[in-house]
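Structural overview
The residues making up each chain are set out below.
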Amino acid sequence: SMACEKPVVVHFSYPDAYPEPPPVLVSKTPEDACNKIIQLLDNPDRARSLGLSARAWVERYHERAKIVKKLMEYYRDAI
């Protein structure tokens, strides 16, 4: 969803897994998730902005060429 510029509401417990946490709306309960989804539906500009931020974040941390380069570094180190 993030790669498709869609906002994401999720229970994400690993904000330190990346140099910067992903631009998602974190919810701890189903009720909280519903409220956040309703807020996004009521505010399409916020949803669009969050989606654009999500896409940019995915490009920074999951862009194919960067991943291939990192894998090649791992393989070189292993050899």
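So, here is what we can say about the structure in this document. (Residues numbered from 1 in each chain as written. Predicted model: local features only at pLDDT ≥ 70, side-chain atom pairs only at ≥ 80, totals over all residues. Heavy atoms only, no water.)

Time to look at the overall build of the protein. Each helix and strand counted, the protein has three helices and two strands in total. Seen in sequence order, the protein has helices and strands lined up from the N terminus as β-β-α-α-α. If one aligns the C-alpha atoms of the protein with their principal axes, the spans along those axes are about 55 × 25 × 15 Å. For the protein, the residues scored as buried account for 20% of the 79 residues in total. Contacts in the protein between residues at least 24 apart in sequence constitute 53% of all its contacts with a sequence separation of at least 6. Of the accessible surface of the protein, which amounts to about 6,000 Å², a share of 58% is contributed by carbon and sulfur atoms. Averaged over its 12 positive side-chain charges, the protein has a centre that lies 5 Å from the centre of its 11 negative ones. (Helix = DSSP H or I, 4+ residues; strand = E, 2+ residues; numbered from the N terminus. Buried < 20%, exposed > 50% of the residue type's maximum accessible area, 1.4 Å probe, protein only. Contact = heavy atoms within 4.5 Å. Areas by Shrake-Rupley, 256 points an atom, 1.4 Å probe, with all protein chains shown as cover. Lys, Arg positive; Asp, Glu negative; His and termini not counted. Charge placed at Lys NZ, Arg CZ, Asp CG, Glu CD.)

Among the surface-exposed residues, Ile67, Val68, Leu71, Met72, Tyr74 and Tyr75 lie close enough to one another that they form a single nonpolar patch of about 570 Å² accessible area. Along the chain, the position of valine 68 falls in helix H3 (residues 64-78). (Patch = residues over 30% accessible without salt bridge, like charges linked within 9 Å, V, L, I, M, F, W, Y side chains within 5 Å. Salt bridge = Lys/Arg side-chain N within 4 Å of Asp/Glu carboxyl O.)

With respect to the helices and strands, the residue serine 27 is situated in the loop between strand S2 (25-26) and helix H1 (30-42). Overall, the relative accessible area of 5% leaves serine 27 in the buried class. Look past the residues within four positions of serine 27 in its chain and what remains in contact with it is Val9, Val10, His11, Asp32, Ala33 and Lys36.

For H1, with 13 residues, the first-to-last C-alpha span of 18 Å sits near the 18 Å given by 1.5 Å per residue. When we look at burial in H1, the residues that qualify are Ala33, Lys36 and Leu40. Angular distribution of buried residues about the axis of H1 spans 65 degrees; they occupy a single face of the element. Residues Glu31, Gln39, Leu41 and Asp42 are exposed on H1 and point more than 90 degrees away from its buried face. The elements touched by buried residues of H1 are strand S1 (9-10), S2 and helix H2 (44-62). (Expected span 1.5 Å × (residues − 1). Arc of directions from axis to C-beta.)

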